[in-house]
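One letter stands for each residue in the lines below.
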Amino acid sequence: MNGVCWCDAAGTSVSVNCNTLTSKCLLMKAEMAGSKSGRREKPKDAFEDTDGLYDPECENTGVFKAKQCNGTTCWCVNTAGVRRTDKHDADLKCNQLVRTTWIIIEMKHAERNTPLNTESLKKFFKETIASRYMLDGRYISSVLYEKPYITIDLKQNSTDKSPGDVDIADVAYYFEKDVKGDSIFHSNKLNISIDNEALNFEKIVVYYVDEIPPEFSMKSLTPGLIAVIVVVIVAIVAAIVVLVLTRRRKGKYVKAEVKEMNEMHRGLNA
């Protein structure tokens, strides 16, 4: 149609443009349809977020609906489809789909004797992300390398994004799956090579920063984080107790010293 190739997204009746990236929401829905039919098994580590893969509700435009549910359990998500609230019952209200404006992709490469060439690394990832995922280079904020970690920052405000621009959330999803060897481009696997040397990764973690802070309560924190908070609070209380006791002892010492001085004066006057 008008020189544009259109395809039907698996698991939905939504038509998508075959010449650009498909939205993350529709991709997740297609993955769920695939695993339900037994066509392929989803890798257990496909996502780094705590909820993993779920069958999302998508708008006709392909973006996530602000409220997502699994049965009677519901939560609010950002534009990347990542949960940003505690889980509640079906009465939960999600007033808006909060935009993810900053995505941090952190990768740890396999052990090697010498560090990679920083400039070659930056050039490879910037060019690859721009050409493979069709992301405008102005949204690639930085590529940092501190052996063995590579950190890529993608930033895209709603005011900066043009109607034809791909979303950084979709780019991060495609890229993450490429690095994990589960490419969505089935006939075009990503070959990560720096200065003609193949690079293997041990880990990739994706962090999301929204334009409005997430709304998690204390009960949703992990046991490890809660333990750290408790230790810090205990340390602060202990420091206050020591400070109070020290001041009290010092006060008693000063009072005793003053008393002795008064007795000496009385003795001299006598």
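So, here's what we can say about the structure.

The rules we used
- Residues numbered from 1 in each chain as written.
- Predicted model: local features only at pLDDT ≥ 70, side-chain atom pairs only at ≥ 80, totals over all residues.
- Heavy atoms only, no water.
- Helix = DSSP H or I, 4+ residues; strand = E, 2+ residues; numbered from the N terminus.
- Buried < 20%, exposed > 50% of the residue type's maximum accessible area, 1.4 Å probe, protein only.
- Polar contact = N/O pair within 3.5 Å; in protein donor to acceptor, adjacent residues only side chain to side chain.
- Contact = heavy atoms within 4.5 Å.
- Disulfide = S-S within 2.5 Å.
- Patch = residues over 30% accessible without salt bridge, like charges linked within 9 Å, V, L, I, M, F, W, Y side chains within 5 Å.
- Areas by Shrake-Rupley, 256 points an atom, 1.4 Å probe, with all protein chains shown as cover.
- Salt bridge = Lys/Arg side-chain N within 4 Å of Asp/Glu carboxyl O.
- Pairing = 2+ DSSP bridges.
- Axes fitted to C-alpha atoms, helices over the stretch in contact; angles between N-to-C directions.

1. Description of the side chain of Arg-112
Part 1 of the argument: For Arg-112, the location among the structural elements is in the loop between β5 (100-109) and α2 (118-132).
Part 2 of the argument: Residue Arg-112 is classed as buried on the basis of its relative accessible area, which comes to 15%.
Part 3 of the argument: A distance of 2.5 Å separates a polar atom in the side chain of Arg-112 from the backbone oxygen of Thr-114.
Part 4 of the argument: Setting aside its immediate chain neighbours within four residues, Arg-112 contacts Lys-147 and Glu-197.

2. With respect to the state of the cysteines
Note: disulfide means a covalent bond formed between the sulfur atoms of two cysteine side chains.
Part 1 of the argument: Scanning the model with the defined rule gives three disulfides in all.
Part 2 of the argument: Residue Cys-69 pairs covalently with Cys-74 via a disulfide, S to S 2.0 Å. When the S-S torsion is 105°, as for the bridge of Cys-69 with Cys-74, the disulfide is right-handed.
Part 3 of the argument: Linked covalently through their sulfurs, Cys-76 and Cys-94 form a disulfide whose S-S length is 1.9 Å. Here Cys-76 and Cys-94 share a disulfide; its torsion about the S-S bond, -90°, makes the bridge left-handed. Within this pair, whereas Cys-76 is found in strand β4 (residues 73-76), its partner Cys-94 is found in the loop between β4 and β5, the two being separated by 18 residues in sequence.
Part 4 of the argument: Using a relative accessible area of 17% as the deciding quantity, one classes Cys-94 as buried.

3. Thoughts on unusual backbone geometry
Part 1 of the argument: Residue Pro-148 follows Lys-147 across a cis peptide bond; omega there is 5°.
Part 2 of the argument: As for its placement among the helices and strands, Pro-148 is situated in the loop between β6 (140-146) and β7 (149-155).
Part 3 of the argument: Located in the positive-phi region is Asp-195, a residue other than glycine, with phi close to 55°.
Part 4 of the argument: Tracing the backbone through its elements, the reader meets Asp-195 in the loop between β8 (193-194) and β9 (197-198).

4. Section: the side chain of Asp-153
Part 1 of the argument: Here Asp-153 lies in strand β7.
Part 2 of the argument: A polar contact of 2.7 Å, which involves the side chain of Asp-153, links it to the side chain of Ser-142.
Part 3 of the argument: Those residues in contact with Asp-153 that lie beyond four places of it in its chain are Trp-102, Ile-103, Ile-104, Tyr-139, Ile-140, Ser-141 and Ser-142.

5. Examining a nonpolar patch on the surface
Part 1 of the argument: A cluster of nonpolar side chains, contributed by Ile-233, Val-237, Val-241 and Leu-245, occupies part of the molecular surface with about 330 Å² of accessible area.
Part 2 of the argument: With respect to the helices, strands and loops of the structure, Leu-245 is situated in helix α4 (residues 223-269).

6. Side note on the environment of Asp-167
Part 1 of the argument: Within the fold, Asp-167 resides in the loop between β7 and α3 (168-179).
Part 2 of the argument: Linking Asp-167 and Leu-154, residues 13 residues apart in sequence, is a C-alpha distance of 9.9 Å.
Part 3 of the argument: In this structure Asp-167 touches Arg-99, Gln-156 and Lys-161, once residues within four positions along its chain are discounted.
Part 4 of the argument: For Asp-167, the side chain forms a polar contact with the side chain of Arg-99, separated by 3.0 Å.
Part 5 of the argument: A polar contact is formed between the side chain of Asp-167 and the backbone nitrogen of Ala-169, at a distance of 2.8 Å.

7. Some details on the sheet that holds β5
Backbone-to-backbone hydrogen bonds join strands into a sheet, with any given pair of strands oriented parallel or antiparallel.
Part 1 of the argument: The four strands lie next to each other as β6-β7-β5-β10, forming an open sheet whose pairing is antiparallel. The strands lining the two open edges of the sheet, one partner per strand, are β6 and β10 (201-210). Between one strand axis and the next, the sheet turns through 15° on average, direction left out of account.
Part 2 of the argument: Here six bridges tie β6 to β7, and the two strands are oriented antiparallel to one another. Counterpart to Leu-144 in the pairing with β7 is Thr-151.
Part 3 of the argument: Set on the sheet, α2 makes contact with β5, β6, β7 and β10; between it and β6 the angle comes to about 145°.
Part 4 of the argument: With respect to the sheet, α3 is in contact with β5, β7 and β10, its orientation differing from that of β5 by roughly 15°.

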